[in-house]
Amino acid sequence: MEPVLFFEPKLKVAFAYCPSSGGVFQLDEGEYRAVLEGTEEGKALIGEMRSYTGQHYSFQDFVGHLNSLGITHERLSRPATANLELTLRCNLNCKHCIVSAGEPKENELTTSEWLRLVDGLGSLQYTLTGGEPLMHPGFGEIVEAIKGRGAAVKILTNGTLVPENLNAFEGLDGRDVVQVSLDGTEEVNDSIRGRGTFKRVVSAIKALAEAGVNVQVSFTLLPENKADLVPLYREVSGLGVKAFNVGRGLPLGRQGKAVPYREYLAAVEGLRDVAKEVGVPVAGGQLGDPLPVEPEAVYSCEAGTSSLFVSSTGDVYPCLLFRWSDFRMGNVREEDIQEIWEKGDWERLRRNLGGTRCASCPLFGACRGGCPGEALLFSGSLDAPAPSCRWEEG
């Protein structure tokens, strides 16, 4: 995987993160240009980064390092993560789907177009989503192309089509994740996701675990399934899952009401207490981990600075929550993805939080007001604190 770079013009120093080795490096301006331009010196430096054998850092660690130096990164040289919505086609009709998936959009990207996009993005962290990504006719080829570039992939699937497509997961390695969705024990889950889905997803989990795939469960906390969180966690923990992720349903698409953020955090923390006994890690709570909140545990939003989202029809947005016409940065059918990254009007993501409670918060240097997408969704303005404020809840 290629290193990602950030140049600090005031200090005339660059910082690089190499995903394949987990190394964080400091470069002078000349070295930065050499890596960026792919000169012989730059290629040699990339080789050194890849051969690094010291402590392995995550990309979030890298961003945290910049924050610790008082640097709020504006934009990396290229995306470090790309979220690809392969199709909006879905075989389910889940009550809480935030994209109202079901029928595909007209003129969705073909397999060859997705392959060209992967070629342009290169080696980074991919997330494949939908709709149901396995319903794209080129799903297997796209995964193969991503792995052929030495990249890592996370596949978000409802799980119901996994058993008959198990061969598509054969090339995955330890860096890759297949995340399947369950929203309660059988009766509750099937009332949300459709009759028979629970048993089909459990079969998928077992098949993936037996194949050595890093399979994780995703649970979306909703008003109607809060009581089923712990029972489901206990039930799936013996199936070979590597982690249990708890998300918060947002009032988008077919979902009408969100669980209050205070209740969400309490649910995640309660489940983490259970996890100490059971052993399967629990992820959730959003801006950092663990609670109580400390400045070094909080990171700024990656949307438009190190991450982007590509819709099934090729439109590029900072993330899924910014899927509004005002935040459409381009289309991959009309421009090269790197050109969109470099020339898109990303300045419109800037926020002015002066005069809000964020301005005097000790976490502001890292948090930057929380999720801007949530701020826009709940308040209608980027220049408002996100409702999911962990400092107030900590």
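Read on for a plain summary of the structure. (Residues numbered from 1 in each chain as written. Predicted model: local features only at pLDDT ≥ 70, side-chain atom pairs only at ≥ 80, totals over all residues. Heavy atoms only, no water.)

## Some words on the environment of Gly 150
Line of reasoning, step 1. When you line up the elements, Gly 150 lands in the loop between helix 5 (139-148) and strand 6 (152-157).
Line of reasoning, step 2. When its relative accessible area of 29% is taken as the criterion, Gly 150 is described as partly exposed.
Line of reasoning, step 3. Gly 150 sits 130 residues away from Ser 20 along the chain, and the two C-alpha atoms are 8.5 Å apart. (Helix = DSSP H or I, 4+ residues; strand = E, 2+ residues; numbered from the N terminus. Buried < 20%, exposed > 50% of the residue type's maximum accessible area, 1.4 Å probe, protein only.)

## Topic: the sheet that holds strand 3 (residues 23-28)
Line of reasoning, step 1. Read across the sheet, 3 strands follow the order 1-2-3 without closing on themselves; strand pairing throughout is antiparallel. One side of each edge strand has no neighbouring strand; the edge strands of this open sheet are strand 1 (4-8) and strand 3. Each neighbouring strand pair of the sheet contributes to a mean axis angle of 20°, computed without reference to strand direction.
Line of reasoning, step 2. Pairing geometry for strand 1 and strand 2 (residues 13-18), over 5 bridges, is antiparallel. In the sheet register, Phe 7 faces strand 2, and the bridge partner there is Ala 14. (Pairing = 2+ DSSP bridges. Axes fitted to C-alpha atoms, helices over the stretch in contact; angles between N-to-C directions.)

## A short note on the nonpolar core
Line of reasoning, step 1. Counting 75 residues, the largest nonpolar core has Leu 84, Tyr 126, Leu 128, Ile 155, Phe 169, Phe 244 and Val 246 as its most contacted members.
Line of reasoning, step 2. Ranked by residue count, the leading element in this core is helix 9 (residues 261-278), at 7 residues.
Line of reasoning, step 3. Formed by 12 residues, the second largest nonpolar core is a distinct cluster that contains Leu 5, Phe 7, Leu 27 and Ile 46. (Core = buried A, V, L, I, M, F, W, Y, C linked by side-chain atoms within 4.5 Å.)

## Some thoughts on the packing of helix 4 (residues 111-121) against helix 5
Line of reasoning, step 1. Here helix 4 crosses helix 5 at 15°, and the two axes come no closer than 10 Å. When the axes of helix 4 and helix 5 are compared, the pair comes out roughly parallel. Crossing hand, helix 4 versus helix 5: right-handed. Contacts between helix 4 and helix 5 involve Thr 111, Trp 114, Leu 115 and Val 118 from the first element and Glu 141, Ile 142, Ala 145 and Ile 146 from the second.
Line of reasoning, step 2. Here the contact of helix 4 with helix 5 is built from residues that sort into 6 nonpolar, 1 polar and 1 charged. (Parallel < 35°, antiparallel > 145°, perpendicular 65-115°, else oblique. Left-handed = near helix turned anticlockwise from the far one by under 90°. Contact = heavy atoms within 4.5 Å. Nonpolar A, V, L, I, M, F, W, Y, C, P; charged D, E, K, R; others polar.)

## A word on the pairing of strand 2
The two faces of a sheet get side chains in turn, since along a regular strand they alternate between them.
Line of reasoning, step 1. In terms of burial, strand 2 is a largely internal element, 6 of the 6 residues being buried.
Line of reasoning, step 2. Residues Val 13, Phe 15 and Tyr 17 of strand 2 are buried on one face, and the alternating residues Ala 14, Ala 16 and Cys 18, pointing to the opposite face, are buried as well.
Line of reasoning, step 3. Of the pairings in the sheet, the one linking strand 2 to strand 3 comprises 6 bridges and is antiparallel in character. Along strand 3, the bridge assignment pairs Cys 18 with Gly 23.
Line of reasoning, step 4. Between strand 2 and strand 3, which follow one another and run antiparallel, lie 4 residues, and Gly 22 among them has a positive phi close to 75°.

## A few points about the pattern of salt bridges
Think of it this way: side chains of opposite charge can pair up when their charged atoms draw near.
Line of reasoning, step 1. Under the defined criterion, the tally for this structure stands at 18 salt bridges.
Line of reasoning, step 2. As a salt-bridge pair, Asp 173 and Lys 147 come within 3.0 Å of each other at their nearest N and O atoms. In this pair, Asp 173 sits in the loop between strand 6 and strand 7 (177-181) while Lys 147 sits in helix 5, placing the two residues 26 residues apart along the sequence.
Line of reasoning, step 3. Look at Asp 173 and you get partly exposed, because its relative accessible area is 31%.
Line of reasoning, step 4. Given the relative accessible area of 15%, Lys 147 is considered buried. (Salt bridge = Lys/Arg side-chain N within 4 Å of Asp/Glu carboxyl O.)

## A look at a negative patch on the surface
Line of reasoning, step 1. Taken together, the side chains of Glu 335, Asp 336, Glu 339 and Glu 342 define an acidic patch exposed on the protein surface.
Line of reasoning, step 2. Take Asp 336: it is sitting in the loop between strand 13 (330-331) and helix 10 (337-343). (Patch = residues over 30% accessible without salt bridge, like charges linked within 9 Å, V, L, I, M, F, W, Y side chains within 5 Å. Areas by Shrake-Rupley, 256 points an atom, 1.4 Å probe, with all protein chains shown as cover. Lys, Arg positive; Asp, Glu negative; His and termini not counted. Charge placed at Lys NZ, Arg CZ, Asp CG, Glu CD.)

## Regarding the sheet that holds strand 4 (residues 81-87)
Line of reasoning, step 1. With respect to topology, 10 strands assemble into an open sheet ordered 10-9-8-7-6-5-4-11-12-13, the strand pairing being mixed. Edge positions in the open sheet fall to strand 10 (282-283) and strand 13, since each of these has one partner strand only.
Line of reasoning, step 2. Direction of pairing for strand 11 (residues 307-310) relative to strand 12 (residues 315-317): antiparallel, over a ladder of 2 bridges. Each residue of the ladder has a partner; that of Phe 309, found in strand 12, is Tyr 317.
Line of reasoning, step 3. Contacts from helix 9 reach strand 8 (215-221), strand 9 (243-248) and strand 10, with the element oriented near 170° to strand 9.

## As for helix 6 (residues 186-193)
Line of reasoning, step 1. Those residues of helix 6 that fall on the buried side of the exposure criterion are Asn 189, Asp 190, Ile 192 and Arg 193. Looking straight down helix 6, one finds that the buried residues subtend no more than 160° of arc, so they occupy a single side.
Line of reasoning, step 2. Its buried side turned inward, helix 6 meets strand 7 and helix 7 (197-210).
Line of reasoning, step 3. Just downstream of helix 6, Gly 194 is the residue with a positive phi angle, here 120°. (Arc of directions from axis to C-beta.)

## Thoughts on the side chain of Thr 160
Line of reasoning, step 1. Within the secondary structure, Thr 160 is located in the loop between strand 6 and strand 7.
Line of reasoning, step 2. Assessed through its relative accessible area of 5%, Thr 160 is described here as buried.
Line of reasoning, step 3. Separated by 2.9 Å, the side chains of Thr 160 and Asn 91 make a polar contact. (Polar contact = N/O pair within 3.5 Å; in protein donor to acceptor, adjacent residues only side chain to side chain.)

## Quick notes on the packing of aromatic side chains
Line of reasoning, step 1. Tallied over the full model, the rule gives 7 aromatic pairs.
Line of reasoning, step 2. An aromatic cluster of three or more residues is present, and its members are Phe 219, Tyr 233 and Phe 244. (Phe/Tyr/Trp six-rings, centres within 6.5 Å; stacked < 30°, edge-to-face > 60°.)

## Here we look at the pairing of strand 4
Line of reasoning, step 1. Within strand 4, 6 of the 7 residues are buried, which leaves it mostly tucked inside the rest of the structure.
Line of reasoning, step 2. Handedness of the strand 4-helix 4-strand 5 (residues 125-130) crossover: right-handed.
Line of reasoning, step 3. For strand 4 and strand 11, the ladder comprises 4 bridges, and the chain directions are parallel. The partner of Leu 84 across the bridge, within strand 11, is Val 310. (Right-handed = clockwise from strand over helix to strand, strands pointing away.)

Spatial relationships are all this shows, so hold off on functional conclusions.
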